[in-house]
Amino acid sequence: MKTADPELMRAINRFNVLDTIRRHGPISRVEISERSELSTTTVSAITASLLDDGLILTRHEGDIRNAAARGRPRVMLELNPDAARVVGAKIAANRMVFAVTNFLGEVLSNLTLPIRVDRQPIAVIADLIEDGVRRCVVDADLSLEDIDSICIGLPGVIEHRTGCVRSSPIFRETDVDFASEMTSRLKVATIVESDAHAITLAHHWFGRARDLDDMVLVSLEQTLGLGVLHAGQLFRGAGGLSHNLGDLVLGVGHSQTVRLATLAGESAILGEHPMDGRFAEAVRLGRGMAHAQALIAAEDNTLIAASARAGEAIGLAVANIVTLFGPPRVVIVGSSLSLGSVFVDSIREAYQAAIPPSIRSVAELVFDESVDETWAQGAAVVALCELYESPWGTTGPAPGL
């Protein structure tokens, strides 16, 4: 009979203990044993190793059963915030956002650079990211030698395990080994991740899904992204592939395939309006959605119709996702939410019409206009998950703080 790999089991147990401390610390060894269902002997051995590695700290507390008594202080364990420092970055078409965090995910500094970077040569984009990382690190009173890992979040189809960007609206080229490019420049291990996966983990650690181990996130940015979390693990495709929700097929005709992006992507929505004057300039600068919001408020019928049609397509897609995965919560984020109630209401109505009655009450739809700093913090969480030494890599459990 085949037995479990002892090295893998040790790695799993170590991760479970460390993650239990992160979720519930300060916490005693006895409580860790109860929550992790590991023996006290195993917990003692693992926590001793974590203390030696500097990943956790001890804290002595008095007898909490009776504040007036002089009971023997309890030894409580908690994460060492200085055990690691990481940088997370979100790269969008018209801005770059950076955040430096400690081992707890607390933001030490952040930086937003409103600069259009899409379709620039790879070397130019890499130069700008390098400068942003270095400046954000300096703002945190650190140097790159103090940084343990960097994660760069990009829209598109990303192969996490290799750092290969198969396609992204940011790059002219396809199949770009961007992780190696940035690691070579910064001399710090650099991860490249889907921005949708990064924001999924950010919401799982800090945001609207911190109470859940199962959830789905739909990102409505320049591209349409998807994050699926099951049993605390971020699901990836072969090779660690991210999911491009915009490629979802909604219909096949004699002459063309209808994909979600052609109905609900940013370009599809904005492309319905004549590209002239201030609107054309706003789109060119990557601020089309913000300007579209003002036009919708002024009752621009063209954009109202385009937003309603896009919302209907998103609602149908979300209903299909819930039908497949049955998550308790779907978090919908991204710049397209700035279109307002005409867009959001259309999503809700289409979802309610399409979801099977038998599972209509299963999933809660949550709309969250997350700020860019949260996306960058999500990229930092990806890097932290690597440093947590999860036996599943960054797909490992990361229940909310």
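Residues numbered from 1 in each chain as written. Predicted model: local features only at pLDDT ≥ 70, side-chain atom pairs only at ≥ 80, totals over all residues. Heavy atoms only, no water.

Peer 1: What is the right way to look at helix 12 (residues 341–354) in this model?
Peer 2: The α-helix advances 3.6 residues per turn, and as a result positions three or four apart in sequence lie on the same side. The end-to-end C-alpha separation of helix 12 is 19 Å, in line with the 20 Å expected for 14 residues at 1.5 Å each. All buried positions along helix 12 are accounted for by F343, V344, S346, I347, A350 and Y351. The buried residues of helix 12 all sit within an arc of 160° when viewed along its axis, so they share a single face. Residues of helix 12 that are exposed and point more than 90 degrees away from the buried face comprise S341, E349 and A353. (Helix = DSSP H or I, 4+ residues; strand = E, 2+ residues; numbered from the N terminus. Expected span 1.5 Å × (residues − 1). Buried < 20%, exposed > 50% of the residue type's maximum accessible area, 1.4 Å probe, protein only. Arc of directions from axis to C-beta.)

Peer 1: Whenever I open this one, the sheet that holds strand 7 (residues 157–159) confuses me. Can you help?
Peer 2: Reading across the sheet, the three strands line up as 7-8-9 and stay open at both edges, with antiparallel pairing between neighbours. The sheet is open, and its two borders are formed by strand 7 and strand 9 (176–177), each paired with just one other strand. Two elements, strand 8 (residues 164–167) and strand 9, share two bridges in a ladder whose sense is antiparallel. Paired with V165 across the strands is V176, a residue of strand 9. (Pairing = 2+ DSSP bridges.)

Peer 1: Please clarify how the packing of aromatic side chains should be interpreted in this entry.
Peer 2: If you walk through the whole model with that rule in mind, you get two aromatic pairs. With a centroid separation of 5.0 Å and an interplanar angle of 55°, the aromatic rings of F171 and F178 are classed as tilted. Judged by relative accessible area, which is 1%, F171 ranks as buried. A cation over an aromatic ring shows up here: R22 above the ring of W205, its NZ or CZ 3.9 Å from the ring centre. The aromatic ring of W375 is capped on one face by K90, whose charged end is 4.1 Å from the ring centroid. (Phe/Tyr/Trp six-rings, centres within 6.5 Å; stacked < 30°, edge-to-face > 60°. Lys NZ or Arg CZ within 6 Å of the ring centre and 35° of its normal.)

Peer 1: When you look at the pattern of salt bridges in this model, what are you seeing that I'm missing?
Peer 2: Any two side chains of opposite charge can pair, given that their charged atoms come close. Inspection of the entire model under this criterion finds 17 salt bridges. The residue D19 makes a salt bridge to R23 at a minimum N-O spacing of 3.4 Å. On the criterion of helical spacing, the pair formed by D19 and R23 is a turn pair, its members being four residues apart in helix 1 (residues 6–24). You can call D19 buried: its relative accessible area is 3%. Across the pair D368 and R208 runs a salt bridge whose closest N-O atoms are separated by 3.3 Å. Of the two residues, D368 sits in strand 18 (residues 364–368) while R208 sits in the loop between helix 6 (195–205) and strand 11 (215–220), which places them 160 residues apart along the sequence. One continuous salt-bridge network, built from bridges that share partners, spans D127, E130, R134, E181 and R185. (Salt bridge = Lys/Arg side-chain N within 4 Å of Asp/Glu carboxyl O.)

Peer 1: Got a minute to help me understand the state of the cysteines in this structure?
Peer 2: Tallied over the entire structure, the rule returns zero disulfides. Unpaired in this structure, C151 has its nearest cysteine sulfur neighbour in C385, at a distance of 9.8 Å. (Disulfide = S-S within 2.5 Å.)

Don't take any of this as a statement about function, it's just geometry.
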